[in-house]
Amino acid sequence: MQALELSRATEVQVSTIRVSALHALAYCPRLFYLEEVEELYTQDAAVFAGRRLHTQLEKQEDEEWEELFLESEELGLRGRLDALRTRDGQTIPYEHKRGRAHRDENNQPQAWESDRLQILAYAYLLESAHGITVQEGRIRYHADNVVVHVLLDEAGRLKVKQAIQQARILRQSTYRPPVIDNERLCARCSLAPVCLPEEARLAHNREWQPIRLFPEDDERQVIHILEPGTSVGRTGEQIKITRRNQPVETVPARQIGQLVLHSFSQISTQALHFCAAQGIGVHFISGGGRYLGSFDTRQGSIQRRIRQYAALSNPDACLELARKLVICRGQGQRKFLMRGTRSKAKTEKLEKAIAQMKAVLKQVPQAKSLESLLGYEGNLAALYFSALPDLISPEVPKELHFAGRNRRPPLDRFNAMLSFGYALLLKDVMNAILTVGLEPALGFYHQPRSQAAPLALDLLEIFRVPLVDMTVMAAVNRGQWDAKADFEIRGKQVWLSELGRRKFVELYESRKQESWKHPVTGYSLTYRRLFELEVRLLEKEWSGEGGLFGQLILR
Ligand code: SF4
């Protein structure tokens, strides 16, 4: 019986709409959709400034204060009132706002449109849930210390009902509403970094000058646990790292973006739960430097995946995206070879490869199938890797030279570095895919043949040259590698030693902090941020806001 009542209560909760969601709907239908349907919320409380005051205000009020949870199945609404007061025998709901009131042409304080709908909804909900008559609701704007009265009349009730109806329709939809015209609202919107409204406007109008609403950098650390036998746990709001024979290290969770466990480190269940709740990515890399997998805690992203399935079930759409990808990677490889010819004498092999790659790249847009694209990509890779040794300085010891790509296992030091770098890159790409909430197993170019997720392999192509190939080449030419101490030779196989892996991780993480200027949006971001941006731009390709994906090409 109790179980029945509980499930009934859950059903009502699912079918009713939160009043605060109607506030978001009045602000922007897309914001409602992102929060309510796709369940995207930001962890940063500051970005909600101006939308609600919470418990600290209760304590500042010296009058009677009654916060109240209300729910009406009949109306289809639920919500928690900031305060309920009685004035002259009338019950009045109150809403508190941190910001200023809207001013009309006579400079009189008025409620903002979204706040008006919200207080009307509370007043109507109060009537419906308690069977009383409510004549008005009040909003107190704390920044200019004014109270605005909002009358609940028939027009107000109708407005609330219409909003509930619109919300119900949107909840059933898998289609994300378009960005709103009023860009000033976007600048204050908590979900602008997810929504990317400026990039959507740019996709429709190439003359648009976008403002960067996407954070330039992700300040949170990526912690690599390289030492076997290390254990990771939780203590309060911190992650606790216990390495063998070393003092215990504690790091506040808010400072961590990812935990990367190499080799045989341990992580406790409590720490995993905590990381999931805090949005900290947890990834596993084998002792041999192979990416093993990630802790997947995605929730509420089914609409995004439904749209992805629908888009990537279309072979033409996949081919179009794959062409962009092959061009992006091929251009990056070619530009890297061209850079090499700036600092040293051009070799015949380099010049020939650069010219031949240009010819192949010209043909890619005409590729009629994924198979023919694979052929072009293979040609480009063969030309690139055949010329890459010519970028190595003559002073570099012979053991660190490159004589062609080999892997599984790598047979020389240069390839050992490339393989480890691509594993770290795959981990970062997976982290971004999981953050955005797409399905890694469904790509547009790579087929699900190997253990690695096809979408991650697709996106990997964009970052290989700038983040791994260039990092390895620069470190080799600068003489940063010790051919003995940084590597382990096992028969014909060559791996990075623990020392070498530590060195590589430092080089790679510091490369990720460098900035790159997007050729279309015109703003600069660190490579750390570019992973997530690129996945979000990919999602826009099947959301009617495409055109910016796959532009990460070296200059
Ligand atoms: S950024 Fe703009 S378009 Fe996007 S959800 Fe916010 S207000 Fe709406």
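Because the structure is predicted, anything quoted here is derived from the model rather than measured.

Regarding helix α14 (residues 370-387)
- Compared with an ideal rise of 1.5 Å per residue, which puts 18 residues at 26 Å, α14 spans 26 Å between its outermost C-alpha atoms and is within 8% of the ideal.
- Those residues of α14 that sit buried are Leu373, Tyr376, Glu377, Leu380, Ala381, Leu383, Tyr384, Phe385 and Ala387.

Re the packing of helix α17 (residues 498-512) against helix α18 (residues 527-541)
- Where α17 meets α18, the closest approach of the two axes is 6 Å, and the angle between their N-to-C directions is 70°. The orientation of α17 with respect to α18, classified from their angle, is roughly perpendicular. Counted together, Tyr508, Arg511 and Lys512 of α17 and Tyr527, Arg528 and Phe531 of α18 form the full contact between these two elements.
- Classifying every residue of the contact of α17 with α18 by side-chain character gives 3 nonpolar, no polar and 3 charged.

Regarding the site of the ligand
- What surrounds the ligand is the set Cys28, Leu31, Val179, Ile180, Cys186, Cys189, Ala192, Cys195 and Pro197.
- In the shell around the ligand, the residues fall into 9 nonpolar, no polar and no charged.

Thoughts on the packing of aromatic side chains
- On inspection of all chains with the given rule, the structure shows 8 aromatic pairs.
- Ring plane angle 45° and centroid distance 4.5 Å describe the contact between Phe463 and Phe531, whose orientation is recorded as tilted. Residue Phe463 is found in helix α16 (residues 454-477), and its partner Phe531 is found in helix α18; the two are separated by 68 residues along the sequence.
- The class for Phe463 is buried, based on a relative accessible area of 1%.
- Residue classification places Phe531 among the buried residues on the basis of a relative accessible area of 4%.
- Aromatic ring contacts, followed pair by pair, group Tyr384, Phe385, Phe402 and Phe414 into a single cluster.
- In this arrangement the basic side chain of Arg464 is found over the ring face of Tyr422, its NZ or CZ atom lying 4.5 Å from the centre.

Describing the UniProt feature "binding site: Mn(2+)" (unreviewed entry) in the chain
- If you check UniProt for "binding site: Mn(2+)" (unreviewed entry), the listed places come out as Glu377, His446 and Glu461 in our numbering. Their sequence span is 85 residues, while the largest C-alpha to C-alpha distance among them is just 12.0 Å; these annotated residues converge on one region.
- When you line up the elements, His446 lands in the loop between α15 (413-436) and α16.
- Excluding residues within four positions of it along the chain, His446 makes contact with Pro454, Leu457, Asp458 and Glu461.
- For His446, the side chain forms a polar contact with the side chain of Asp458, separated by 2.7 Å.
- Note that Glu461 resides in helix α16.
- The class for Glu461 is buried, based on a relative accessible area of 5%.

Cut-offs and rules
Residues numbered from 1 in each chain as written. Predicted model: local features only at pLDDT ≥ 70, side-chain atom pairs only at ≥ 80, totals over all residues. Heavy atoms only, no water. Helix = DSSP H or I, 4+ residues; strand = E, 2+ residues; numbered from the N terminus. Expected span 1.5 Å × (residues − 1). Buried < 20%, exposed > 50% of the residue type's maximum accessible area, 1.4 Å probe, protein only. Axes fitted to C-alpha atoms, helices over the stretch in contact; angles between N-to-C directions. Parallel < 35°, antiparallel > 145°, perpendicular 65-115°, else oblique. Contact = heavy atoms within 4.5 Å. Nonpolar A, V, L, I, M, F, W, Y, C, P; charged D, E, K, R; others polar. Near = heavy atom within 4 Å. Phe/Tyr/Trp six-rings, centres within 6.5 Å; stacked < 30°, edge-to-face > 60°. Lys NZ or Arg CZ within 6 Å of the ring centre and 35° of its normal. UniProt positions renumbered as here; feature names shortened; annotations may be inferred. Polar contact = N/O pair within 3.5 Å; in protein donor to acceptor, adjacent residues only side chain to side chain.

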